[in-house]
Amino acid sequence: MSGKISSQTGLLEMWDNLRAVPRRIVDSAFRSGKPNTDRTRSTFIFGNLFLHLHSVRVHRWSLRWTTTFGLGIVCGAAFLITLVTGILLMFYYKPYPDVAYESIKDIHFIVPTGRFIRNIHRWAANIMVVAVILHMARTFYTAAYRKPREFNWLIGMGLLVITLALSFTGYLLPWDQLAYWAITIGANIAQSPREVTDALGITERFDPGEWMRLMLLGSDVVGPVALIRFYLMHVMILPLALTALMGVHFWRIRKDGGLTRPVNADQKLSPPGGDTYPVFSEAPARTYQIAAIVKGRTSQVGNGPENTVPSMPHLFYAELGLLMLTAFLCLAFSVVWDAPLKEIANPAVPENPAKAPWYYLGLQEMVSFSAFMGGFGIPAIVLIGLGLIPFVEREESGTGEWFGGPGGWPLARNSALFGLSAAIVVEAVAIRFGWIREWFPDAPQLLITFVNPGTVLTLVYASYSVWLIRRFQSTRAGAVGLFTCFLCGFVVLTIIGAYFRGPNWVFYWSPAEWPGH
Amino acid sequence: MTTVSKPARSRLDPEPIPRRDMLGLAALWAAGSALVLAVLGMARLPKAAVVSSPSKRFTVMLPDSLQPGQAFLPSGRSVAVFRDQEGTWAVSTICTHLGCIVRSTPAGFECPCHGSSFAPDGTVVRGPAPRALSWLKVSAAGEKLVIDEGTVVPPGTKVQV
Ligand code: HEM
Ligand code: FES
């Protein structure tokens, strides 16, 4: 081209390029074309950092409503909602005693949408706790923790603990009476190993209880240092830890071969709809390339035609629907019920009754008999027991089926009846006739510390589980019994703590009977 | 280095990486221990050398009208002060169970949180509290009393003022 024209073509080219900017930005984002065919959708998924936690195709069993009830996704969705609303609350919240209370009051009464955002944050947090517990129950009852998913069960337990810790730390932030006294009690539970070291007379030399309390509060009172610590944990450390573990959790689901399904899942499913293109694999003896670095056979080996559908749109629609459902629940609850805010914290006058968030009320009920066993010993036993499940129960029958394994649904139902009645009987005895100190006023403290109604229940449940293992000759039967019993015990104690305990933690049939009402 | 001829291995079953590389091992261990030391160092931070806590000593004037067995409750403090013919004493009102503030009643003390109750001398009568309420150090300063919430004295220690 001659020099004269080229000066013009340069400008023209620039103009053309400028006009093409929007299209080219889109093109560079979707390198393999718009995700509108199965093939381009696949490349879209694995070319995208966030989407590629999904596999490109998903088994039709995993998409059945009854496989998961969407509970894992609800946990994640609720977390997302707390994250967004939490960041908004941070615009106004000031983590310093008394000032904190004023700032929450501002959020509640002055900031535009402030009360609504705060309500949503509360409700999403509550939904998350419920969903995590139900999701754990669903993975348990479908025996989805079995090989090769043992490790993901452990990761899940980490998620459970962090979820509860997030709620606990968030509870202090409003600095009202509820917050102050719940955390005072919580911090003293951390100190409760002292009951044991005191009884053994070694507290002078070895005082893990005081150490834990000091690490938690940074001081010997619930004051400014404690508030900053709880704030830091609540807005930084725990959310980051939860996000990281969630990443591992999702990643492992893929690496463990997708969701658990029964061996005969393909026969149980109806034939795929006409709008999906099943992928036929040729039952390879092994998958290529990857075999060089990965030990063992991959999950595809030996499979015939796959009963899978593309994740996009099928799985993505399901996920989006669950996110919408969770958001809807949060919004609906927030319109109807405001998050509570009591009077400003007053270290001289305990809230009476001083109740923790509802999911800790079962613990509080046990703690009201002895702090160490109720607040420390039994939770530790439960966590260790949960962690051991996938390593002790190594059977294969019933994997991926609801109440799978020997005994099936009748076993779960009977265990629930047993667990509920045992918890009610033990509590009724303790409420009606008192406990150790009322019977033997001179009982040694160690006896009072260790013989908590919770301890009795744990022993009853454990014996029941051993009996089931012998009766069914199956560890799965024992596990179903034990898990169900503990779940029922948790429910009974929580309900008693929430509805039947009034001022001075005295039993009342209903709050209407509370003195002063 | 001399190469010893080995039987041919499959590409899929590679040789294990030798672990005898001295320098490499030394570097790994050095980096590993540096990281461990750094973590230990950082772990010291959350435990302050001096714990910040409000002052524990305070002075009070008991009203002349205070009857034996009746509790005087200095405002803003978790202490109950008593006086009888034998002297004056102070009992901490922080429940030994989980730290709620107990109420003084004619029969002793009652905790609102989980229903522990204590005799007038602080010993546990009922409920989950593991220890008796603490008796605190009382000393005279002219007309007034100095009470030290930080110093526990044996139960029964009464001070003549
Ligand atoms: C923040 C908390 C959690 C989140 C966001 C989460 C998320 C998920 C999601 C999205 C799935 C896919 C299937 C489904 O939706 O059920 C899943 C599966 C799984 N989760 Fe969780 N989870 C959490 C906590 C837990 C807990 C507490 C446990 C148990 C201790 C657990 C154990 C498992 C296991 C074993 C699977 C595999 C299930 C299968 O293969 O069928 N997770 N999780
Ligand atoms: S704190 Fe007093 S009885 Fe629990």
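None of the values given here were measured: they were computed from a predicted structure. (Residues numbered from 1 in each chain as written. Chains lettered and ligands numbered in written order. Predicted model: local features only at pLDDT ≥ 70, side-chain atom pairs only at ≥ 80, totals over all residues. Heavy atoms only, no water.)

Asker: Which parts of the structure should I look at to understand the overall build of chain B?
Answerer: Within chain B one finds one helix and nine strands. Relative to its 161 residues, chain B shows a buried fraction of 32%. Per element, the accessible surface of chain B, about 10,400 Å² overall, is 61% carbon and sulfur. (Helix = DSSP H or I, 4+ residues; strand = E, 2+ residues; numbered from the N terminus. Buried < 20%, exposed > 50% of the residue type's maximum accessible area, 1.4 Å probe, protein only. Areas by Shrake-Rupley, 256 points an atom, 1.4 Å probe, with all protein chains shown as cover.)

Asker: Please explain the confidence of the model for chain B as it appears in this structure.
Answerer: Note that predicted coordinates carrying low pLDDT should not be read in detail. Per-residue confidence for chain B gives a mean pLDDT of 86; residues scoring 70 or more make up 88%. Scoring of the predicted complex yields 0.90 for pTM and 0.83 for ipTM. (pLDDT = per-residue confidence, 0-100.)

Asker: I keep staring at the interface of chain A and chain B and nothing clicks. Help me out?
Answerer: A common way to state how big an interface is: give the accessible area lost once the parts meet. Each side of the interface is counted separately: chain A has 36 residues, and chain B has 28 residues. Taken together, the links from chain A to chain B amount to two salt bridges. Here Lys56 of chain B makes a salt bridge to Asp220 of chain A, at a shortest N to O gap of 3.4 Å. For the pair chain A and chain B, the number of links is nine residue pairs in polar contact (both at pLDDT 80 or more). Counting only elements with at least two residues in the side of chain A that touches chain B, the list comes to α9 (177–190), α10 (193–200), α11 (208–217), α12 (224–255), α15 (361–367) and α18 (436–439) of chain A. Among the residues forming the side of chain A that touches chain B, the class breakdown is 19 nonpolar, 10 polar and seven charged. (Contact = heavy atoms within 4.5 Å. Salt bridge = Lys/Arg side-chain N within 4 Å of Asp/Glu carboxyl O. Polar contact = N/O pair within 3.5 Å; in protein donor to acceptor, adjacent residues only side chain to side chain. Nonpolar A, V, L, I, M, F, W, Y, C, P; charged D, E, K, R; others polar.)

Asker: Sorry, what's going on with the sheet that holds strand β1 (residues 57–60) of chain B here?
Answerer: Within a sheet, neighbouring strands are paired by backbone hydrogen bonds and run either parallel or antiparallel to one another. Residues and elements named next belong to chain B. Reading across from one edge, β1-β9-β8-β3-β2 is the order of the five strands in this open sheet, with antiparallel pairing throughout. Only two strands of the sheet have a single neighbouring strand rather than two, namely β1 and β2 (79–84). Across the sheet, the mean angle from the axis of one strand to that of its neighbour is 30°, orientation sign disregarded. Where strand β3 (residues 87–92) and strand β8 (residues 135–141) come together, two bridges link them in antiparallel fashion. Its bridge partner lying in β8, Ala90 is registered against Leu136. (Pairing = 2+ DSSP bridges. Axes fitted to C-alpha atoms, helices over the stretch in contact; angles between N-to-C directions.)

Asker: Just to check I follow, could you spell out the state of the cysteines for this structure?
Answerer: Under the definition given, this model contains one disulfide over all chains. With a sulfur-sulfur separation of 1.9 Å, Cys100 of chain B is cross-linked through a disulfide to Cys113 of chain B. Taking the sign of the torsion about the S-S bond as the criterion, the disulfide between Cys100 of chain B and Cys113 of chain B, at about -85°, is left-handed. Within this pair, whereas Cys100 of chain B is found in the loop between β3 and β4 (103–105), its partner Cys113 of chain B is found in the loop between β5 (108–110) and β6 (117–118), the two being separated by 13 residues in sequence. Here Cys100 of chain B falls in the buried class, since its relative accessible area comes to 1%. Cysteine Cys330 of chain A is unpaired, with the sulfur of Cys75 of chain A as its nearest cysteine sulfur at 12 Å. (Disulfide = S-S within 2.5 Å.)

Asker: Which parts of the structure should I look at to understand the coordination of the iron atom of ligand 1?
Answerer: Tetrahedral coordination by four donors sets the ideal angle at the metal to 109.5 degrees; octahedral coordination by six donors sets it to 90 or 180 degrees. All names here are of chain A. Around the iron atom of ligand 1, the protein supplies His135 (NE2) and His249 (NE2) as donor atoms, at distances of 2.0 to 2.1 Å. Because the angles between the six donor atoms bound to the iron atom of ligand 1 fall within 85 to 179°, the donor set is best described as octahedral. In this pair, His135 is assigned in helix α7 (residues 114–141) and His249 in helix α12, connecting sequence segments 114 residues apart. According to the relative accessible area criterion, His135 is buried, its value standing at 19%. Residue His249 is classed as buried on the basis of its relative accessible area of 12%. (Donors = N, O, S within 2.8 Å, 3.2 Å for Na, K, Ca; no water. Tetrahedral: all angles 85-135°; square planar, octahedral: opposite > 155°, others 65-115°.)

Asker: Looking at this structure, how should I read the site of ligand 1?
Answerer: Residues and elements named next belong to chain A. Neighbouring ligand 1 are 25 residues, the closest being His135, Arg149, Gly156, His249 and Thr260. Within the contact set of ligand 1, an oxygen atom lies 3.0 Å away from a side-chain nitrogen or oxygen of Arg149. His249 has a polar side-chain atom sitting 2.7 Å from a nitrogen atom of ligand 1. Looking at the shell around ligand 1, the elements with two or more residues in it are α5 (71–90), α7, α8 (150–172) and α12. Looking at the shell around ligand 1 residue by residue, the classes come out as 14 nonpolar, nine polar and two charged. (Near = heavy atom within 4 Å.)

Asker: So what exactly am I meant to see when it comes to the nonpolar core here?
Answerer: Here is a general trend for soluble globular proteins: nonpolar side chains tend to be buried in one another's company. Counting residues in hydrophobic clusters, the biggest one holds 47 residues, and the most contacted among them are Leu172 and Trp175 of chain A together with Phe109 of chain B. Where this core is concerned, the elements lending two or more residues are α6 (99–109), α7, α8, α9 and α12 of chain A together with β2 and β3 of chain B. The leading source of residues in this core is α9 of chain A, at seven residues. Not counting chain neighbours up to four residues away, the residues in contact with Leu172 of chain A comprise Ala179, Tyr180, Ile183, Val222, Ala226, Leu227 and Phe230 of chain A. (Core = buried A, V, L, I, M, F, W, Y, C linked by side-chain atoms within 4.5 Å.)

Asker: Help me understand the pairing of β3 of chain B, please; the structure alone is not making it clear to me.
Answerer: Across a regular strand the side chains alternate sides, sitting on one face of the sheet and then on the other. Residues and elements named next belong to chain B. Burial analysis of β3 places six of its six residues in the buried class, the great majority of the element. Residues of β3 alternate between two faces, with Gly87, Trp89 and Val91 on one and Thr88, Ala90 and Ser92 on the opposite face, all of them buried. Here β2 runs beside β3; their pairing, made up of six bridges, is antiparallel. Within β3, the position partnered with Arg83 by the bridge is Thr88. Joining the antiparallel neighbours β2 and β3 is a turn of two residues.

Asker: What exactly am I supposed to notice about unusual backbone geometry here?
Answerer: Backbone phi values are negative for most residues with the exception of glycine, while trans is the configuration of most peptide bonds. All names here are of chain A. Following Lys147, the chain continues to Pro148 via a peptide bond in cis, the omega torsion being 5°. Assignment of secondary structure puts Pro148 in the loop between α7 and α8. Going from Met312 to Pro313, the amide bond is cis rather than trans, its omega being 10°. With respect to the secondary-structure elements, Pro313 resides in helix α14 (residues 311–336). Here the phi dihedral of Phe403 falls at roughly 55°; this positive angle occurs in a residue that is not glycine. Located in the positive-phi region is Gln473, a residue other than glycine, with phi close to 50°. Counting through the fold element by element, Gln473 comes out in the loop between α20 (453–472) and α21 (475–499).

Asker: What is the right way to look at α5 of chain A in this model?
Answerer: An α-helical turn contains 3.6 residues, so a residue and the one three or four places further along point in the same direction. Compared with an ideal rise of 1.5 Å per residue, which puts 20 residues at 28 Å, α5 of chain A spans 28 Å between its outermost C-alpha atoms and is within 8% of the ideal. Within the span of α5 of chain A, buried status applies to Leu71, Val74, Cys75, Gly76, Ala77, Ala78, Phe79, Ile81, Thr82, Thr85, Gly86 and Leu89 of chain A. (Expected span 1.5 Å × (residues − 1).)

Asker: Just checking my understanding: could you explain the domain arrangement of chain A for this structure?
Answerer: All names here are of chain A. Domain boundaries in chain A define domain 1 (2–46), domain 2 (51–189 + 233–261 + 308–343), domain 3 (270–306) and domain 4 (355–517). Its C-alpha centre places domain 2 at a distance of 25 Å from the equivalent point of domain 4. Contact residues are listed per partner, giving 34 residues for domain 2 and 36 residues for domain 4. For the pairing of domain 2 and domain 4, the buried interface totals around 2,900 Å² over both sides, and the portion due to carbon and sulfur atoms is 70%. Inspection of the region where domain 2 meets domain 4 yields two salt bridges. The partner of Arg394 in a salt bridge is Glu150, with the nearest N and O atoms 2.8 Å apart. There are 19 residue pairs in polar contact (both at pLDDT 80 or more) connecting domain 2 and domain 4. Mapped onto the side of domain 2 that touches domain 4, the elements with two or more residues apiece are α4 (65–68), α7, α8 and α9. Tallying contributions element by element places α8 first for the side of domain 2 that touches domain 4, with 10 residues. By residue class, the composition of the side of domain 2 that touches domain 4 is 23 nonpolar, six polar and five charged. (Domains from an automatic or database assignment. Buried area = accessible area lost by both parts, 1.4 Å probe.)

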